[in-house]
Amino acid sequence: MSEKFSRAARLRDEKIFRDLISAGEKISTPFFFIRHRHNPSKSPRLGIVAPKKTFRRVVDRNRLKRIARESFRRAAARLSARDILVYYLAPALNAEGVVLARCLRECWARMGK
């Protein structure tokens, strides 16, 4: 996959978000949880949730989304075709970017198994 986070690699449909939250497999960390399931396309797709209620400042939400996108871009070639939803939790606000990226890498590895 290229360095760009392409439109095809994004989850944009609200129905898919709801389906993932209700029926996807779950991986939890102290900073976020991930819901994932296989999809019919040939590549992985990513959706990110950083709720306004939890992260009031837009700069904080953008930082968390940027960390998830960057980590996903680097791992996309190793992931099978699946829809992935990263839902950030409040402790992520005070976590360093390196720690969040490491947790995401560990989750991508768990999904690959």
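So, here's what we can say about the structure. Keep in mind that what you see is a predicted model, and the values were worked out from it rather than measured.

**Quick notes on the pattern of salt bridges**
What the rule picks out here adds up to seven salt bridges. Of the charged contacts in the structure, one is a salt bridge between Glu70 and Arg74, with a shortest N-O distance of 2.9 Å. Linking Glu70 with Arg74, this pair stays in helix H2 (residues 58-75), spanning four residues, or about one helical turn. Residue class for Glu70 comes out partly exposed when judged on its relative accessible area of 24%. One salt bridge in this structure joins Glu106 and Arg102, with 3.9 Å as the shortest N-O distance. Taken together, the residues Glu106 and Arg102, both in helix H3 (residues 97-112) and four residues apart, mark about one turn of the helix. Residue classification places Glu106 among the partly exposed residues on the basis of a relative accessible area of 42%. Its relative accessible area of 39% is what places Arg102 among the partly exposed residues.

**Describing the pairing of strand E1 (residues 25-28)**
Here E1 runs beside strand E2 (residues 32-38); their pairing, made up of four bridges, is antiparallel. The residue of E2 that forms the bridge with Ser28 is Phe33. A loop of three residues connects E1 with E2, the two strands running antiparallel in sequence.

**Some words on the side chain of Ser71**
Along the chain, Ser71 turns up in helix H2. Relative accessible area serves as the criterion here: at 9%, Ser71 is assigned to the buried category. Ignoring sequence-local partners within four residues, the contact set of Ser71 consists of Ala101, Leu104, Arg105 and Trp108.

Conventions used here
Residues numbered from 1 in each chain as written. Predicted model: local features only at pLDDT ≥ 70, side-chain atom pairs only at ≥ 80, totals over all residues. Heavy atoms only, no water. Salt bridge = Lys/Arg side-chain N within 4 Å of Asp/Glu carboxyl O. Helix = DSSP H or I, 4+ residues; strand = E, 2+ residues; numbered from the N terminus. Buried < 20%, exposed > 50% of the residue type's maximum accessible area, 1.4 Å probe, protein only. Pairing = 2+ DSSP bridges. Contact = heavy atoms within 4.5 Å.

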